[in-house]
Amino acid sequence: MNPADEILDIVDEHDRVVGQYPRGEAYARGLRHRCVFVQARDAAGRLFVHRRTATKLVFPSLYDVFVGGVVGAGESYDEAALREAEEELGVTGLPRPAYLFKFLYDDGAGNSWWSAVYEVRCELPVHPQPEEVQWHAFLPEEEVERRLGEWEWVPDGLAAYERLRAFRAGR
């Protein structure tokens, strides 16, 4: 199926479902929907970082420190987190990602989605989807921090990363 045809739940400012539209139309009309962000670490604690392919509907060719994506119509955040993590990492049998928190991402330019943030440890060999991931590596957190000012990152992932740092710091 073409990703633009995937049906999404459209939600209000309180994350209540108010309708359903295909993803392409939801993006084109700036309709608020749901997404999951999963921070994946390997057995050594390094973060999975990847560069999105140029064919992605949103934020093509940018770097991301999360795997994840949209929550399908009728799907729970938890179901989407596991599905998206396994799909993007190219693994099966991943432990269920641990839910951390949720926030409303809104860039003021028509991109708005409820964002559930998770974490998971992936000790399996990864085989990311070539149609989703152009490049990937597990990087030490210090290197990720260094690269934040050097690489072009997805803005929603940066927002989630900043909130995750504050969450872990107890702020």
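Residues numbered from 1 in each chain as written. Predicted model: local features only at pLDDT ≥ 70, side-chain atom pairs only at ≥ 80, totals over all residues. Heavy atoms only, no water.

You'll find the protein entered in an unreviewed UniProt entry as NUDIX domain-containing protein, with Streptomyces cinerochromogenes given as the organism. Listed under Sequence similarities (unreviewed entry) in UniProt, the entry text for the protein is "Belongs to the Nudix hydrolase family." Among the UniProt annotations of the protein, the heading Cofactor (unreviewed entry) holds the following wording: "Mg(2+)". (UniProt positions renumbered as here; feature names shortened; annotations may be inferred.)

Peer 1: Can you lay out helix α4 (residues 155-168) for me, pointing to particular residues and giving the numbers?
Peer 2: Taking 1.5 Å of rise per residue, 14 residues should cover 20 Å, and α4 covers 20 Å from first to last C-alpha, within 8% of that figure. Listed as buried for α4 are D156, G157, A159, A160, Y161 and L164. If you follow the buried residues of α4, they end up packed against β3 (33-41), β4 (47-52), β5 (63-64), β7 (98-106), β8 (112-121) and α3 (141-147). (Helix = DSSP H or I, 4+ residues; strand = E, 2+ residues; numbered from the N terminus. Expected span 1.5 Å × (residues − 1). Buried < 20%, exposed > 50% of the residue type's maximum accessible area, 1.4 Å probe, protein only. Contact = heavy atoms within 4.5 Å.)

Peer 1: Can you explain the packing of aromatic side chains? Please cite residues and give values.
Peer 2: Summed over all chains, the structure comprises 13 aromatic pairs. Taken together, a centroid distance of 4.3 Å and an interplanar angle of 20° make the contact between Y63 and W151 stacked. Within this pair, whereas Y63 is found in strand β5, its partner W151 is found in the loop between α3 and α4, the two being separated by 88 residues in sequence. In this structure an aromatic cluster arises from ring pairing among F37, F66, F101, F103 and F167. We note K102 situated over the ring of W114; from NZ or CZ to the ring centre the distance is 5.2 Å. (Phe/Tyr/Trp six-rings, centres within 6.5 Å; stacked < 30°, edge-to-face > 60°. Lys NZ or Arg CZ within 6 Å of the ring centre and 35° of its normal.)

Peer 1: Lay out the layout of surface pockets in plain terms, naming residues and giving numbers.
Peer 2: Taken as a whole, the largest pocket encloses approximately 580 Å³ of empty space. Contributing to the lining of the largest pocket are 32 residues, with R23, K56, G68, G69 and E132 lying nearest its centre. Put simply, the parts of the chain that give the lining of the largest pocket at least two residues each are α1 (23-29), β3, β6 (67-70) and α2 (77-89). Tallied by class, the residues present in the lining of the largest pocket amount to 14 nonpolar, six polar and twelve charged. (1 Å grid on protein atoms, 1.4 Å probe; cavity = no way out; pocket = protein on both sides within 12 Å on 5 of 7 lines; lining within 4 Å. Points joined across faces, edges and corners; volume = space filled by probe spheres on them. Nonpolar A, V, L, I, M, F, W, Y, C, P; charged D, E, K, R; others polar.)

Peer 1: Pulling in residues and values, what's your account of the nonpolar core?
Peer 2: Formed by 32 residues in total, the largest nonpolar core has its most connected members in V49, V65, F66 and V117. Broken down by secondary-structure element, the contributors of at least two residues to this core are β1 (7-11), β3, β4, β7, β8, β9 (133-139) and α4. Look past the residues within four positions of V117 in its chain and what remains in contact with it is F37, F66, A98, Y99, L100, F101, F103 and A160. The next biggest cluster of nonpolar side chains, apart from the first, holds 22 residues, and it includes F48, V71, L89 and C122. (Core = buried A, V, L, I, M, F, W, Y, C linked by side-chain atoms within 4.5 Å.)

Peer 1: Just give me the short version of unusual backbone geometry, but keep the residues and values in it.
Peer 2: Phi is positive for F59, which is not a glycine, with a value near 55°. Turning to its location among the elements, F59 is positioned in the loop between β4 and β5. Positive phi outside glycine occurs at S61, with the angle close to 65°. Within the secondary structure, S61 is located in the loop between β4 and β5.

Peer 1: How would you explain the pattern of salt bridges if you had to name every residue and give the values?
Peer 2: Evaluation of the coordinates by the stated rule reveals 16 salt bridges. The salt bridge involving D15 is made with K102; its shortest N-O contact spans 2.7 Å. Taken together, the positions of D15 in the loop between β1 and β2 (17-22) and K102 in strand β7 put the pair 87 residues apart, joining distant regions of the chain. Measuring nitrogen to oxygen at the nearest pair gives 2.3 Å for the salt bridge that ties E119 to R168. With a gap of 49 residues between them, E119 in strand β8 and R168 in helix α4 connect regions that are remote in the sequence. When its relative accessible area of 39% is taken as the criterion, R168 is described as partly exposed. (Salt bridge = Lys/Arg side-chain N within 4 Å of Asp/Glu carboxyl O.)

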